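If you want the building blocks of each chain, they are given just below.
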Amino acid sequence: MPGSSVLFDTYARFPVRIVRGEGAYVVDAAGRRYLDFTSGIAVLSLGHVPPAVKKRLEAQLEALWHTSNLFESPHQEAVAERLVRLSFADRVLFVNSGTEANEAAIKLVRRYARKVRGLDGGTIVAFHRSFHGRTMGALSATGQPAHWDGFEPMLPGFRFLPYNDPAALEAIDGTTIAVMLELAQGEGGVTPADPAWVQALVERSRAQGALVIVDEVQTGIGRTGTLFAYEQYGFEPDVMTLAKGLGAGVPVGALLAREAVAAVFGPGTHGSTFGGNPLAMAAAEAVLDVVADPAFLARVREAATRLRRGLDAIAGRHAGLEVRGLGLLLGLGLSPEHFPDGARPLVDRLREAGVLVLTAGPNVVRILPPLTVGEAEIDRFLAALDAVLKERSAAGIPGSE
Ligand SMILES: *Cc1c(COP(=O)(O)O)cnc(C)c1O
């Protein structure tokens, strides 16, 4: 019950008590069924309780739950070898979440700058409206000062530039340790990076000796229609972080890097008690079995095209809407003029109509179906959205036609 919970009040939670999930649907405690286009914030790459992952987890539950990273890990090696084969990277370090992967990335590039480049100090360049996590390091790299409120002083050594602004890239210089970016900002409002800007950013970084870190915690593992979003931008990063979609709902994060960079993390430099736990590895391996298949990724792109076309058509029928995103990381930007109360009322109405979506900032509806979403589910979602917008204009909400 809202108000009676002993949980910390850190979330403005939606009043739905979800107790079961299956594929793209969830059921609440009252037995009501919802179409879930939140995917637990881009986590449930294969939908709720996917049988392939469940089977692997059950087998792992019988065999081994935990050792410690002080022992060799065939479970981690198997997943890491897959990730290396599928990406630019030579080495993988497992952690438990996105923010932890980014903490590890920050430590790694700082140590590389010091030990390999001999830089004393230096800065990590990140971007306005970025989101890299809630722990102190990742939060210090997050270009949203509202999230810093009350937690200062933030970690020194970060500098923020406007996203998608080529002129600002001149600030990347010989003292830049690394540039850290999302190829589509998720929490920051579902904004894809401009390809020409990314190309200029990578060139400038290389010329200045700065490493490029891509935070693919949300964009990775097929979410944007390729296994990793960087593949669509025609370059290879030096460091990448993953989490959300990698475990299909089992907590897992990963830091990936080229050999020369990874080499500065020797024994004792970093660690995690739970990181790369055999249960998490079983889930990640099962996810990669499915998602790394080119035919699966082709279906993700088809689903993304269908959903995007439908959203574009809706945006053509109702004023004040802007469709944006990459693959199945989609947003519906609402103009303040037509939607003075922002995205939340629309999200609430959709929920009442049996469809769950999220917001990304005050004026964006974030649409994150599972990668396995079917055509009928996409069409059902579009129909619900169209109906809610029609009902809104029929009610004569100012500017809603
Ligand atoms: C969600 C997210 C994070 C933080 O991940 P957690 O698992 O919540 O710590 C970091 N970066 C990006 C791009 C994210 O979307």
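Refer to the structure printed above.
Residues numbered from 1 in each chain as written. Predicted model: local features only at pLDDT ≥ 70, side-chain atom pairs only at ≥ 80, totals over all residues. Heavy atoms only, no water.

Q: Could you clarify how one ought to interpret the packing of helix H10 (residues 344-352) against helix H11 (residues 375-394) in this entry?
A: Packed helix pairs are specified by the crossing angle of their axes together with the interaxial distance, meaning the distance between the axes. Two numbers describe how H10 lies on H11: the axes approach to 10 Å, and their chain directions differ by 120°. Between H10 and H11, the angle is such that the two are oblique. Along this stretch, H10 crosses H11, giving a crossing that reads as right-handed. Two secondary-structure elements touch here, H10 through Leu346, Arg349 and Leu350 and H11 through Ala384, Leu385, Val388, Leu389 and Glu391. Here the residues of the contact of H10 with H11 are counted per class, giving six nonpolar, no polar and two charged. (Axes fitted to C-alpha atoms, helices over the stretch in contact; angles between N-to-C directions. Helix = DSSP H or I, 4+ residues; strand = E, 2+ residues; numbered from the N terminus. Parallel < 35°, antiparallel > 145°, perpendicular 65-115°, else oblique. Left-handed = near helix turned anticlockwise from the far one by under 90°. Contact = heavy atoms within 4.5 Å. Nonpolar A, V, L, I, M, F, W, Y, C, P; charged D, E, K, R; others polar.)

Q: What is the right way to read unusual backbone geometry from this model?
A: A cis geometry characterises the amide bond from Glu152 onward to Pro153, with omega recorded as 5°. As for its position among the elements, Pro153 is in the loop between helix H5 (136-140) and strand E6 (158-161). In this model, Ala42 sits at a positive phi of 65°, which is unusual for a non-glycine residue. By the secondary structure assignment, Ala42 is in helix H1 (residues 39-42). Classification of Ala42 by relative accessible area gives buried; the value is 4%. (Buried < 20%, exposed > 50% of the residue type's maximum accessible area, 1.4 Å probe, protein only.)

Q: Would you mind showing me how to read the pairing of strand E14 (residues 329-334) here?
A: Summarising burial for E14: six of the six residues are buried, a large majority. Going residue by residue along E14, you find Leu329, Gly331 and Gly333 tucked away on one face and Leu330, Leu332 and Leu334 tucked away on the opposite face as well. The sheet contact formed by strand E13 (residues 321-326) and E14 spans six bridges and is antiparallel. Note that in E14 the partner of Glu322 across the bridge is Gly333. The turn linking E13 back onto E14 is made up of two residues, and Gly327 within it adopts a positive phi angle of 60°. (Pairing = 2+ DSSP bridges.)

Q: I'm lost on the sheet that holds strand E3 (residues 33-36) in this one. Help?
A: Within a sheet, each strand pairs with its neighbour through backbone hydrogen bonds, oriented either parallel or antiparallel. Reading across from one edge, E1-E2-E3-E15 is the order of the four strands in this open sheet, with mixed pairing throughout. At either margin of the open sheet sits one strand with a lone partner, and together these are strand E1 (18-22) and strand E15 (355-356). H11 contacts strand E2 (25-28), E3 and E15 of the sheet and is inclined by roughly 100° relative to E3.

Q: Would you explain the site of the ligand in this entry?
A: Taken together, 13 residues sit near the ligand, with Gly98, Thr99, Asp215, Gln218 and Lys244 positioned nearest. Separating a nitrogen atom of the ligand from a backbone N or O atom of Phe131 is a distance of 3.2 Å. Taking Asp215, its side chain carries an N or O atom lying 2.7 Å from a nitrogen atom of the ligand. When isolated, the ligand has an accessible area of 380 Å², and the protein chains bury 82% of it. Among the elements that line the shell around the ligand, the one with the most residues is helix H4 (residues 98-115), at three residues. (Near = heavy atom within 4 Å. Polar contact = N/O pair within 3.5 Å; in protein donor to acceptor, adjacent residues only side chain to side chain. Areas by Shrake-Rupley, 256 points an atom, 1.4 Å probe, with all protein chains shown as cover.)

Q: It is not clear to me how the packing of aromatic side chains should be interpreted in this structure. Could you clarify?
A: Where two aromatic rings form a pair, the distance of their centres and the angle of their planes describe that pair. Under the definition given, this model contains eight aromatic pairs. Residues Phe127 and Tyr163 carry aromatic rings whose centres are separated by 6.1 Å and whose planes lie at 70° to one another, so their mutual orientation is edge-to-face. Placement of the pair is Phe127 in strand E5 (residues 123-127) and Tyr163 in the loop between E6 and strand E7 (176-181), with a sequence separation of 36 residues. Neither Phe127 nor Tyr163 differs from the other in exposure class; each is buried. By way of ring pairs, the aromatic residues Phe88, Phe228, Tyr230 and Phe235 are connected into one cluster. The positively charged end of Arg33 is found above the aromatic ring belonging to Tyr25, 4.1 Å away from the centroid. (Phe/Tyr/Trp six-rings, centres within 6.5 Å; stacked < 30°, edge-to-face > 60°. Lys NZ or Arg CZ within 6 Å of the ring centre and 35° of its normal.)

Q: What exactly am I supposed to notice about the sheet that holds E13 here?
A: Strand order in the open sheet formed by four strands is E13-E14-E17-E16, and the pairing between neighbours is antiparallel. Taken across any chain shown, the strands that pair with only one partner, and hence form the sheet edges, are E13 and strand E16 (358-359).

Q: Explain the packing of helix H2 (residues 51-63) against helix H8 (residues 278-291) to me, please; I cannot follow it from the model alone.
A: Closest axis-to-axis distance for the H2/H8 pair is 9 Å, and the angle between their directions is 150°. With respect to H8, the axis of H2 lies roughly antiparallel. In the packing of H2 onto H8, the handedness of the crossing is right-handed. Along the contact surface, H2 presents Ala52, Val53, Arg56, Leu57, Gln60 and Leu61, while H8 presents Pro278, Leu279, Ala282, Ala283, Glu285, Ala286, Val287 and Asp289. For the contact of H2 with H8, the per-class residue count stands at 10 nonpolar, one polar and three charged.

Q: Explanation requested: H8 in the structure shown.
A: Side chains three or four residues apart in an α-helix point the same way, a direct result of the helix having 3.6 residues per turn. The terminal C-alpha atoms of H8 lie 20 Å apart, and with 14 residues this matches the ideal 20 Å at 1.5 Å per residue to within 8%. Among the 14 residues in H8, 11 count as buried, and that is most of the element. Next to the buried residues of H8 lie H2, helix H3 (74-86), strand E4 (91-95) and helix H9 (294-317). A distance of 2.7 Å separates the backbone nitrogen of Leu279 from a side-chain oxygen at the start of H8, and that oxygen is part of Asn277. (Expected span 1.5 Å × (residues − 1).)

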